[in-house]
Amino acid sequence: MASRWKLVRNLQQYAIVLSCCRIANSSQASNKFANTSQYRITGINHSKPFCRNVTREMADLLSQVADVDIDANGTFKYILIRVYGPDTTDNSDPPSKLIVRGYQRASYHVDIYEEVQAKQLKQLGLECECEGGGRIKHDRDEKRLLVYGYSQGFGRANHQLAVDLLKVNFPGYEVTWTNDGY
């Protein structure tokens, strides 16, 4: 995978590869566009199999990142993070996923972000953006999770998205959210 990504030298070329993949996979496929020298990146086959491999490889890489990692009990800060592959910050709708991270050891929301970015994602070659934050009250004994509040640094996360991820990862829990509180 690394050798394929090295061929994509910058963000603009990566966007072109993704555009070619979408065209090759659409019902209105036009190989003329994908093979035009203006859009062709030397050494890359723009056929459907390559495009599927790029998506599959990115999906495999993203699947290595857990959807949820929070402390087992207590009240703590959390952030909602969008994770995506390298050089995919353009407007080409790159493969990405949302993850939830929350730890009592974090004094600030940015502490969580820096830990995730440096220790979890960087070694996989993934990038991330914080979508916002808040707090989670985790009561293990009562099997309840309450998502609420906001981050002063990152703003309020979309708590519904966080709750959706938590429900999948904590079956049998009552998972709710509110915009009230800090």
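Check the entry above for the structure.
Report follows, based on the coordinates. All figures in this text were calculated on a predicted structure; none of them were measured in a lab.

## A short note on helix H6 (residues 159-169)
Residues of H6 that are buried: His 159, Ala 162, Val 163, Leu 165 and Leu 166. The buried side chains of H6 occupy one side of the element, clustering within an arc of 165° when seen end-on. Against the buried residues of H6 lie strand E1 (68-70), strand E2 (74-84), strand E3 (96-103), strand E4 (127-139), strand E5 (144-148) and strand E6 (174-177). Capping the start of H6, Asn 158 holds a side-chain oxygen 3.1 Å from the backbone nitrogen of Gln 160, two or three residues further along.

## Concerning the nonpolar core
Core analysis: the largest hydrophobic core is formed by 18 residues, its most contacted members being Ile 70, Tyr 78, Leu 80, Val 100, Ile 136, Leu 145 and Leu 166. Within the residue set of this core, elements represented by two or more residues are E1, E2, E3, E5 and H6. Counting 17 residues, the second-largest nonpolar core is a separate cluster that includes Met 58, Val 83, Ile 99 and Leu 121.

## Some points on the sheet that holds E6
Whether parallel or antiparallel, the strands of a sheet pair through hydrogen bonds between backbone atoms. The sheet built from 6 strands is open, its strands ordered E1-E3-E2-E4-E5-E6 with mixed pairing. Two strands in the sheet have a free side with no partner beyond their single neighbour: E1 and E6. Put simply, the sheet's adjacent strands are angled 25° from each other on average, direction ignored. Across 11 bridges, E2 lies against E4 in antiparallel orientation. Within the sheet, the bridge partner assigned to Arg 82 lies in E4 and is Glu 129. Against the sheet, helix H5 (residues 109-121) makes contact with E1, E2, E3 and E4, and its axis sits at roughly 50° relative to E2, the strand it touches most. Here H6 sits on the sheet in contact with E1, E2, E3, E4, E5 and E6, set at roughly 175° to E6.

## Brief notes about the pairing of E6
By the bridge criterion, 4 bridges tie E5 to E6 in an arrangement that is parallel. Directly across from Val 147, in E6, lies its bridge partner Trp 177. Taken together, E5, H6 and E6 constitute a β-α-β crossover, and its handedness is right-handed.

## Thoughts on the packing of aromatic side chains
Per the counting criterion, the structure on display carries 2 aromatic pairs. With a centroid separation of 5.7 Å and 55° between ring planes, the pair formed by Tyr 113 and Phe 154 is classed as tilted. Note that Tyr 113 is positioned in helix H5 and Phe 154 in the loop between E5 and H6, a separation of 41 residues in sequence. For Phe 154, a relative accessible area of 28% translates into the label partly exposed.

## With respect to the side chain of His 159
Secondary-structure assignment places His 159 in helix H6. From its side chain, His 159 meets the backbone oxygen of Gly 149 in a polar contact 2.8 Å long. Ignoring anything within four residues of it in the chain, the contact list for His 159 reads Tyr 78, Gly 133, Gly 134, Val 147, Tyr 148, Gly 149, Trp 177, Thr 178 and Asn 179.

Cut-offs applied
- Residues numbered from 1 in each chain as written.
- Predicted model: local features only at pLDDT ≥ 70, side-chain atom pairs only at ≥ 80, totals over all residues.
- Heavy atoms only, no water.
- Buried < 20%, exposed > 50% of the residue type's maximum accessible area, 1.4 Å probe, protein only.
- Helix = DSSP H or I, 4+ residues; strand = E, 2+ residues; numbered from the N terminus.
- Arc of directions from axis to C-beta.
- Contact = heavy atoms within 4.5 Å.
- Polar contact = N/O pair within 3.5 Å; in protein donor to acceptor, adjacent residues only side chain to side chain.
- Core = buried A, V, L, I, M, F, W, Y, C linked by side-chain atoms within 4.5 Å.
- Pairing = 2+ DSSP bridges.
- Axes fitted to C-alpha atoms, helices over the stretch in contact; angles between N-to-C directions.
- Right-handed = clockwise from strand over helix to strand, strands pointing away.
- Phe/Tyr/Trp six-rings, centres within 6.5 Å; stacked < 30°, edge-to-face > 60°.

These results come straight from atomic positions and should not be treated as a statement about function.
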